Amino acid sequence: MFPVPAPLDPALAVQRIRDLARAHGFQRCGIAGIDLGEDEAHLADWLGQGLYGTMDWMARHGTCARAGRAASRHRAGDLGWHGLQP
C-alpha cells in the first residue's frame, strides 16, 4: 500500500509552483480557484462568440456545465491550474 501524504499547505504549494514555473523559463504563472461563480455566463458568451482563437480545446472543454461538474469533484480550498505563459 502507498503511504498517505501529509496535508499540503496551499501557500507553500503556490510558491513551489511559481518557483518551478520560473525555473523552467515561464514569465507568468497564475493560480485560481475552480468556482466560476457569476463568470459562467461571461465564459459561455465568450465561447459562443468564438473568441478563443486557435485554442479549440476551449470550445470542447471550457463549457460551463463541464466546469461545474469539475468543481463538484473538489473539496473547498482546492487549487485549480490556471495557466502558464512562456
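### Observations regarding the overall build of the protein
Step number 1: Along the protein, the regular secondary structure elements total 4 helices and 2 strands.
Step number 2: For the protein, the succession of helices and strands along the chain, N to C, is α-β-α-α-α-β.
Step number 3: Residue burial in the protein is summarised as follows: out of 86 residues, 13% are buried.
Step number 4: For the protein, the proportion of contacts with a sequence separation of at least 24, taken over those separated by at least 6, is 58%.
Step number 5: Total accessible area computed for the protein in this model is approximately 7,200 Å², and 59% of it derives from carbon and sulfur atoms.

### Details of a negative patch on the surface
Step number 1: Negative charge collects at one region of the surface, where D35, E38, D39 and E40 lie side by side.
Step number 2: Along the chain, E40 falls in helix 2 (residues 39–48).
Step number 3: Under the relative-accessibility criterion, E40 is labelled partly exposed at 31%.

Criteria and cut-off values
Residues numbered from 1 in each chain as written. Predicted model: local features only at pLDDT ≥ 70, side-chain atom pairs only at ≥ 80, totals over all residues. Heavy atoms only, no water. Helix = DSSP H or I, 4+ residues; strand = E, 2+ residues; numbered from the N terminus. Buried < 20%, exposed > 50% of the residue type's maximum accessible area, 1.4 Å probe, protein only. Contact = heavy atoms within 4.5 Å. Areas by Shrake-Rupley, 256 points an atom, 1.4 Å probe, with all protein chains shown as cover. Patch = residues over 30% accessible without salt bridge, like charges linked within 9 Å, V, L, I, M, F, W, Y side chains within 5 Å. Salt bridge = Lys/Arg side-chain N within 4 Å of Asp/Glu carboxyl O. Lys, Arg positive; Asp, Glu negative; His and termini not counted. Charge placed at Lys NZ, Arg CZ, Asp CG, Glu CD.

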